[in-house]
Amino acid sequence: MTLYAGIDIGSRTIGFVALAGDRVLLTALEDTGHEPLDTARKLLNQKYARVVATGYGRHSAKSDFAHDVITEIKAHALGAAYLYPGVRTVLDIGGQDTKVILLNDRGSVTDFQMNDRCSAGTGKFLEVMAGALGYTGVGEFGEEALKGKRGIKISNMCTVFAESEAVSLLHRGAGREDIALALHVSVVERTAGMLQRVGYKTPLVFTGGVANNRCIVTLLAEKLGVEVIVPPQPQLVGALGAALAAATTAAAQ
């Protein structure tokens, strides 16, 4: 049995997918930690005919163990199209950036927009805000935000200033859930703006770690008025795309 592997070395997590032909055989998700290449090598615990890396650490992986690399844009497009044939837009929000990827009816990338100049609206932004409001993690933060009431507006998306604004609102007696909701609304407003500027089409698939935040998904669907499809393991879509690239490249040789 010929095995192929894809590995997505992101800022917060490392995703791993192994394929036997075009069938998913193994998956794993680990924290990136301080030694991402060590973590990645441990995931590759058997012989693979071809390994393709993606994510911010892809070039380091190629100099170490990967046969090839592909961009995160291509990886998420391939993974989403495999899971949902006919998908026309992929929204990927990870730890440090947000990407909107447009696909044609054959699953090929036609355009994309990426916000990677600051952490506004990303997983890191939500992580910092959760800590500022005293939540134990981003999961609890999202669930509690769903209980909030509208009326508060966060005026700044810069992580530092938004954190200061949230803490100030809390000290002035605003409800914690209400502030949490307002912060989620600010992320959704920013994300919807990116989608609209690119001219998104449906079906829309949401990948990356922030897709696990139920409040973001709910608010985004309400804002856009469309279904937002979240894969069962949204953080593994990039690794799946890399594994598919490995299998396709090997078959073509």
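Attention now goes to the side chain of Asn-115. Within the secondary structure layout, Asn-115 lies in strand β8 (residues 109-115). Residues contacting Asn-115, with those up to four places away along its chain left out, are Gln-96, Asp-97, Thr-98, Ala-120, Arg-190 and Met-194.

To continue, consider the packing of helix α5 (residues 138-145) against helix α7 (residues 176-198). Packing of α5 against α7 leaves a shortest axis separation of 8 Å and a crossing angle of 100 degrees. Of the possible angle classes, the one that applies to α5 and α7 is roughly perpendicular. Together, Phe-141, Gly-142, Glu-144 and Ala-145 of α5 and Glu-177, Ala-180, Leu-181, Leu-183 and His-184 of α7 make up the contact between the two elements. Considered class by class, the residues forming the contact of α5 with α7 number 5 nonpolar, 2 polar and 2 charged.

In this section: the sheet that holds strand β5 (residues 68-69). Note: strands within a sheet are paired through backbone hydrogen bonds, in either parallel or antiparallel orientation. One open sheet holds the 5 strands; their spatial order is β3-β2-β1-β4-β5, and the pairing between them is mixed. Of all the strands in the sheet, the pair left with one neighbour each is β3 (23-31) and β5. Pairing geometry for strand β2 (residues 13-20) and β3, over 8 bridges, is antiparallel. Counted as the bridge partner of Thr-13 is Asp-31 from β3.

Cut-offs applied
- Residues numbered from 1 in each chain as written.
- Predicted model: local features only at pLDDT ≥ 70, side-chain atom pairs only at ≥ 80, totals over all residues.
- Heavy atoms only, no water.
- Helix = DSSP H or I, 4+ residues; strand = E, 2+ residues; numbered from the N terminus.
- Contact = heavy atoms within 4.5 Å.
- Axes fitted to C-alpha atoms, helices over the stretch in contact; angles between N-to-C directions.
- Parallel < 35°, antiparallel > 145°, perpendicular 65-115°, else oblique.
- Nonpolar A, V, L, I, M, F, W, Y, C, P; charged D, E, K, R; others polar.
- Pairing = 2+ DSSP bridges.

Keep in mind these numbers describe shape, not what the thing actually does.
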